[in-house]
Every structure is written in C-alpha cells, then in structure tokens.
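Architecture at a glance
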Amino acid sequence: MMSSSVGELNGHAADVAIRIENLTVVRGKRRAIDDVSLQVRRGSITGLLGPSGCGKTTLMRAIVGTQIITNGTVTVLGKPGGSADLRRRVGYVTQEPTVYNDLRVIDNVRYFAALTGSSKTAADEAIAAVGLEDHRTALCGNMSGGQRTRASLACALVSKPDLLVLDEPTVGLDPVLRVDLWDQFDRLARGGTTLLVSSHVMDEADHCGELLLMRDGRLLAHTTPTQLREDTGCSSLEEAFLTVIRRSTAARAG
C-alpha cells in the first residue's frame, strides 16, 4: 500500500482525528470492509475516493457509529466511534439530504440545533456559512437539489463539529455549485475542522490534502495528490487511480 502520511502520524495521538485498526464489516455474505487500517489527520481535508459500491459509505457509517462492525476498532477524536460524547463533535451529511421537506430551512436547522444543545444564533450562523441566508424561510421541499444539500450541511454545522463526515456531497450538482462547496470545505478546514469527504469523481481529489483510495472494501492507498502522481507517473489523477488498481490486482494475482 502506498502511504505518504500514515507513518508520519504514528506516536502523535493528538494529531489524529480518526484511527481505524483492522476494521472488517460483513454485510450478508460479503466483506463490505476488508481489514482496513488508517488514520485521518486533524484539521485536514481527506478525500475518500473509489467507485460506487467499494465500501465508502459503509466505512463512513462505521466512523459515525451507525454501522455494526464485525472486527476491529474505530476511534474518533480519542473516543470509540458512535460514543454519546461525540454527538455534538461529529457532523454527518449523508448522500440524500437529511432535511424535512415540509419545514423551512431555518426550522430544520433550529431543530438540529435543539438536538445538539446549540443556540438559535448558531443556527443563523450555520445558514450563513452555507450561503442560504436569502432562503432561510423557504420550504425545503421547494428548493433545488443543491440548495437542499446546503441545508443538510447547515444542519450538520450547527453544533460546530470538530469532525465533518460528508458522503458524496457534490453528486448531481452543477460545476459552479461543486466549486462553491469545496471553497466552503476549505474555509472550514482552515478554521480547524477535520473533513472526511467521499467521492467517486477523481477530479475532486485535487481539493484534498490527503487521499484514501478504496476498491472492493480494501484500502489501496493513503497518499496525497502530488505523491499519487509521482508514484504512478500519471498527470491525470483518474489514470493514476487506475494504475493503482492495476498494480493491486496484479499483486493479489501473483
């Protein structure tokens, strides 16, 4: 496995937001996650990349504590994943918007604020952070897909989490909205928030400081965009990922 960052974190627990050791998840008769170990650095944007069905969502569910695991450990911000103490410290945005369509944006965000013990002021700040101030009284059911994604992000941001887990947040969005969201993610990271963002679109990898490349439930590489290009000799990140897959397949076969 290529690694440009995991080794650098060993021995520095304070620098690690997520530590996963030998994680295995079996769903039905299939290993959705197959003996995965990794670390995610605090204050970073880490991209979790791979084709649909490779285990990205299952891994994220294990991190936020909504997935039954078969073996291994998941430690988040120094505590077992899913611990009650993490409810305010971890924000999770699923693939489908997690808002109530019959409520206004402000009502949705205030509802999540109440669940996490946050204030109405925090709700206003979260709405402003995602650029929905002009739509705060709009019914979520009347909004576009991109706007509903932003509303879901505001709900996750209202508790000002230390870790934000985003499952393919840019899928189906137009290029302008995608760029805008990544700009917001960058601002959050510069403010100290750790972000784990999944995608199956390799051109988004350049927005990330570190990359976790997955296929068939396995972690193929923990690297950076620059290191990935250097290790594979490919200028295109998509071609670089394909090269990693071909090397992994050849190694397993041989």
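Now for a quick tour of the structure. (Residues numbered from 1 in each chain as written. Predicted model: local features only at pLDDT ≥ 70, side-chain atom pairs only at ≥ 80, totals over all residues. Heavy atoms only, no water.)

**Structural notes on the nonpolar core**
Worth spelling out the cut-off: Buried Ala, Val, Leu, Ile, Met, Phe, Trp, Tyr and Cys residues form a nonpolar core when they are joined through side-chain atoms within 4.5 Å. The buried label goes to any residue with under 20% of its type's maximum accessible area, the exposed label to any with over 50%, and the partly exposed label to all in between, with areas taken from a 1.4 Å probe on protein chains only. The helix count covers DSSP runs of H or I at least four residues long, the strand count covers runs of E at least two residues long, and both are numbered beginning at the N terminus. Any two residues having at least one pair of non-hydrogen atoms within 4.5 Å are treated as being in contact.
Ranked by size, the top nonpolar core spans 47 residues in total, and within it V109, L153, F185 and L195 carry the most contacts. The greatest single-element share of this core, amounting to 6 residues, is contributed by helix 5 (residues 145-157). The residues contacting L153, other than those within four sequence positions of it, are V93, V130, L164, L166, L181, Q184 and F185. Core analysis: the next-biggest nonpolar cluster, separate from the first, contains 27 residues, L23, I33, L59 and V90 among them.

**Describing the pattern of salt bridges**
Short version of the rule: Take a side-chain nitrogen of Lys or Arg and a carboxyl oxygen of Asp or Glu: if they are within 4 Å of each other, that pair is a salt bridge.
For the structure on display, the rule yields 16 salt bridges. Across the salt bridge formed by E168 and K56, the nearest N and O atoms sit 3.4 Å from each other. Within this pair, whereas E168 is found in the loop between strand 8 (163-167) and helix 6 (175-190), its partner K56 is found in helix 2 (residues 56-64), the two being separated by 112 residues in sequence. The exposure class assigned to K56 is buried, which follows from its relative accessible area of 4%.

**Quick word on the layout of surface pockets**
Quick reminder of the rule: In the cavity and pocket records, a cavity denotes points on a 1 Å grid over the protein atoms alone where a 1.4 Å probe fits but cannot get out, a pocket denotes an open set with protein on both sides within 12 Å along at least 5 of 7 lines, and lining residues are residues with an atom within 4 Å of a point. Grid points are joined across faces, edges and corners, and a volume is the space filled by probe spheres set on the points. Under the scheme applied, nonpolar residues are Ala, Val, Leu, Ile, Met, Phe, Trp, Tyr, Cys and Pro; charged residues are Asp, Glu, Lys and Arg; polar residues are all the others, including Gly.
By volume, the largest pocket amounts to about 520 Å³. Lining the largest pocket are 22 residues, and of these R87, V90, G91, Y92 and F112 lie nearest its centre. Of all elements in the fold, only helix 2, strand 7 (90-93), helix 3 (105-116) and helix 5 reach the threshold of two or more residues within the lining of the largest pocket. A class-by-class count of the residues in the lining of the largest pocket yields 11 nonpolar, 10 polar and 1 charged.

**Overview of the packing of helix 7 (residues 225-232) against helix 8 (residues 237-253)**
Applied cut-off: Helix axes use the C-alpha atoms of the stretch in contact, all axes being lines fitted to C-alpha atoms, and the angles between their N-to-C directions lie in the range 0 to 180 degrees. Between 65 and 115 degrees an angle is taken as roughly perpendicular, under 35 as roughly parallel, over 145 as roughly antiparallel, and anywhere else as oblique. With the far helix as reference, a near helix turned anticlockwise by less than a right angle produces a left-handed crossing, and one turned clockwise produces a right-handed crossing.
At a minimum axis distance of 9 Å, the contact between helix 7 and helix 8 shows a crossing angle of 60°. With respect to helix 8, the element helix 7 is oriented oblique. By crossing handedness, the relation of helix 7 to helix 8 is classed as left-handed. Residues P225, L228, R229, D231 and T232 of helix 7 form the contact with helix 8, whose own contacting residues are L237, A240, T243, V244 and R247. Class assignment for the residues of the contact of helix 7 with helix 8 results in 5 nonpolar, 2 polar and 3 charged.

**A closer look at the sheet that holds strand 6 (residues 79-80)**
Selection criterion: At least two bridges found by DSSP between two strands is the condition for calling them paired.
Overall, antiparallel pairing links the 4 strands, which are arranged 3-2-5-6 in an open sheet. Each end of this open sheet is capped by a strand with a single partner; those strands are strand 3 (30-41) and strand 6. Inspection of the sheet shows strand 5 (residues 71-76) paired to strand 6 by 2 bridges, in the antiparallel sense. If you follow V76 over to strand 6, its bridge partner there is K79. Against the sheet, helix 2 contacts strand 2 (16-27), strand 3 and strand 5, and its axis sits at roughly 120° relative to strand 2.

**Examining the state of the cysteines**
The line we're drawing: Cysteine sulfur atoms are paired as a disulfide whenever they fall within 2.5 Å.
Scanning the entire structure with this criterion turns up 0 disulfides. In this structure C155 is not part of a disulfide, and its nearest cysteine sulfur, from C140, lies 7.2 Å away. Among the residues examined, C155 registers a relative accessible area of 6% and is labelled buried.

**A word on the environment of R215**
With respect to the element layout, R215 can be found in strand 10 (residues 210-215). On the accessibility criterion, R215 (31% relative accessible area) is partly exposed. Contacts of R215, omitting those with residues within four sequence positions, involve P51, C54, L220 and I245.

**Details of empty space enclosed by the protein**
For the coordinates displayed, the defined rule picks out 1 cavity of 30 Å³ or more. The space that makes up the largest cavity amounts to roughly 40 Å³. Considering the residues around the largest cavity, the lining is formed by V93, T94, Q95, E96, P97, T149, S152, D167, E168 and P169. Its residues assigned to classes, the lining of the largest cavity shows 3 nonpolar, 4 polar and 3 charged.

**Considering the environment of F241**
Counting through the fold element by element, F241 comes out in helix 8. On the basis of relative accessible area, F241 is assigned to the buried category, the value being 6%. Along the sequence, F241 and L132 sit 109 residues apart, while their C-alpha atoms lie 35 Å from each other. Setting aside its immediate chain neighbours within four residues, F241 contacts L49, G50, P51, M202, L213, M214 and L220.

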